[in-house]
Number of protein chains: 2
Amino acid sequence: MPRRAARVPVAPKRRAAEIRAAAAKVFAERGYHNATTQDIAEVLGIRQASLYYYIPTKEAALEAVCLDGAEGYMTRAAAIQRGPGDAAHKLAALLREHLEPLRDRADFVRVFLRERRHLPDASRRRIGRHARRYERIVEQVLKEGARRGEFRRGLDCRMAALAAIGMCNAAAAWYGREPEAPLERISGAFAQLLLEGVSRAQPKPAARRNRANPRRRPDHAER
Amino acid sequence: MPRRAARVPVAPKRRAAEIRAAAAKVFAERGYHNATTQDIAEVLGIRQASLYYYIPTKEAALEAVCLDGAEGYMTRAAAIQRGPGDAAHKLAALLREHLEPLRDRADFVRVFLRERRHLPDASRRRIGRHARRYERIVEQVLKEGARRGEFRRGLDCRMAALAAIGMCNAAAAWYGREPEAPLERISGAFAQLLLEGVSRAQPKPAARRNRANPRRRPDHAER
DNA sequence: GGTGTATTCTATAGGCTTATAGAAACGAAA
DNA sequence: TTTCGTTTCTATAAGCCTATAGAATACACC
């Protein structure tokens, strides 16, 4: 402990992050069960068995990647919920923050979304609880907006929350492959879409284009 | 060929469908690469090797299930697009039809959504083209609505189409586990959400509740 | 140069899975 | 009862993958 000063404190942490990043990349590309530890090792330029110096099992690597991918979502969402601003701004902020990790950590997010179900029961359930709490935060922001009259009264907040989260998570699948779709465009379009469908048209919906936009009146019900 | 009359015509087709259904169930539950042919055989109550009387390879089974899961989407969407009604009704119909297969064929749909990427290149690309054509139909319905002034002018139709499809596909993940969410509620809520976010408020938005709903004016840009 | 820790290596056991070969069982029709 | 096509069975080869054991290397510090 005393003398391995200059090397141990920094490098190991960085190396561990590199291992996780390699695992995330491979799991995201090929799917957990289709990915081999050999694949991960190749990304790192080391031998397959050398990986086991860092991870106890392949499953543990998946768990680490998933935790990493989930990290922060809850916290940031809760901060937005508690923070200042009306419900419309909060919803737009939730969307932005939900999509933001795709910029730098898309692999982690994708593995979290698509592969966490292959975790052993214990950790899968733990992570599942996080996800459900996150859903509830979005739902509550919507409920709060409806309660305050900012959003429409009869709004089905549960479905709306699931829709919002669902469209964002779907974006994780095509982000980067869809041409001409930077995050700003995605979150802007999603916010506008949701807000004008959800809000009763407060002063500040998350509209990016089309400002001078006199609306006609929606007056009839469908069917 | 001449004398196997009474038995061959019916049973084999049904049996083949049972095989596919078993494969779909197992692939949906465990994921393609985690599922074994043994698992499928167990569902059917036969031996693992007996499966190979029906399928040439496990991969072929996946392809059959995916094709089955994708079946009809394109056709029905195209019919809606060409059919009568305004864009709002068409969009609502697209959502309904997109979600409807979850009622009886959820396993197939889920496998199509989550496991098709593990198909060999050729068939994966073929199926991918279908999916993209489907996206384009949704997008065109939106464009048409915007062109005719039924939807808002500056509407980002591409993002809106991806959002709509994304929220529906996300629903495939939680449908059946989410309590109190029959398909009617889902498609109704999604339609209302999208339409009021998308339309410029023509006579008939897909509103189920809240009709008298005078909107205030959205006038400011976000940020 | 010697020492000790961290990191990577070679070699391989052991388990699981797909797919094939060939035999058996089952029925319907002759 | 025999025949014949269909369906399922037993047995197993062959390949792939995870994880372990133990040796070798690198490198900082004395």
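Residues numbered from 1 in each chain as written. Chains lettered and ligands numbered in written order. Predicted model: local features only at pLDDT ≥ 70, side-chain atom pairs only at ≥ 80, totals over all residues. Heavy atoms only, no water.

## Topic: the domain arrangement of chain A
All names here are of chain A. Taken domain by domain, chain A holds domain 1 (11-58) and domain 2 (67-198). The straight-line distance from the C-alpha centre of domain 1 to that of domain 2 is 28 Å. If you look at the interface, domain 1 gives 9 residues, while domain 2 gives 7 residues. For the pair domain 1 and domain 2, the two sides together bury roughly 640 Å², of which 69% comes from carbon and sulfur. Of all residues in domain 1, Ala 24, Ala 28 and Tyr 32 bury the most surface against domain 2, accounting for 48% of the area lost on that side. At the boundary of domain 1 and domain 2, one finds 1 salt bridge. Applying the counting rule to domain 1 against domain 2 returns 2 residue pairs in polar contact (both at pLDDT 80 or more). (Domains from an automatic or database assignment. Contact = heavy atoms within 4.5 Å. Buried area = accessible area lost by both parts, 1.4 Å probe. Salt bridge = Lys/Arg side-chain N within 4 Å of Asp/Glu carboxyl O. Polar contact = N/O pair within 3.5 Å; in protein donor to acceptor, adjacent residues only side chain to side chain.)

## Quick look at the nonpolar core
One finds Leu 142, Ile 186 and Phe 190 of chain A together with Leu 142, Ile 186 and Phe 190 of chain B to be the most contacted residues of the largest nonpolar core, which totals 94 residues. Judged by nonpolar contacts, the second largest core, of 23 residues, contains Phe 27, Leu 44, Val 65 and Leu 119 of chain A. (Core = buried A, V, L, I, M, F, W, Y, C linked by side-chain atoms within 4.5 Å. Buried < 20%, exposed > 50% of the residue type's maximum accessible area, 1.4 Å probe, protein only.)

## Describing the protein's contact with DNA strand C
Close contacts around DNA strand C come from 16 residues, with Arg 47, Ser 50, Tyr 53 and Tyr 54 of chain A together with Tyr 52 of chain B the closest. Among the atoms of DNA strand C lying within 4 Å of the protein, the sugar-phosphate backbone contributes 67%. At a separation of 3.1 Å, a base nitrogen of DNA strand C approaches a polar side-chain atom of Gln 48 of chain B. Looking at the surface near DNA strand C residue by residue, the classes come out as 7 nonpolar, 5 polar and 4 charged. (Near = heavy atom within 4 Å. Nonpolar A, V, L, I, M, F, W, Y, C, P; charged D, E, K, R; others polar.)

## Concerning helix α6 (residues 102-115) of chain B
An α-helix turns once per 3.6 residues; consequently, residues spaced three or four apart project the same way. All names here are of chain B. Between its first and last C-alpha atoms α6 spans 16 Å; for 14 residues at 1.5 Å apiece the expected length is 20 Å, and the helix comes up short by more than 12%. The principal kink in α6, of about 45°, is found at Phe 108. Those residues of α6 not exposed but buried are Leu 102, Ala 106, Phe 108, Val 109, Val 111, Phe 112 and Glu 115. (Helix = DSSP H or I, 4+ residues; strand = E, 2+ residues; numbered from the N terminus. Expected span 1.5 Å × (residues − 1). Bend = angle between axes of the 7 residues up to and from the residue.)

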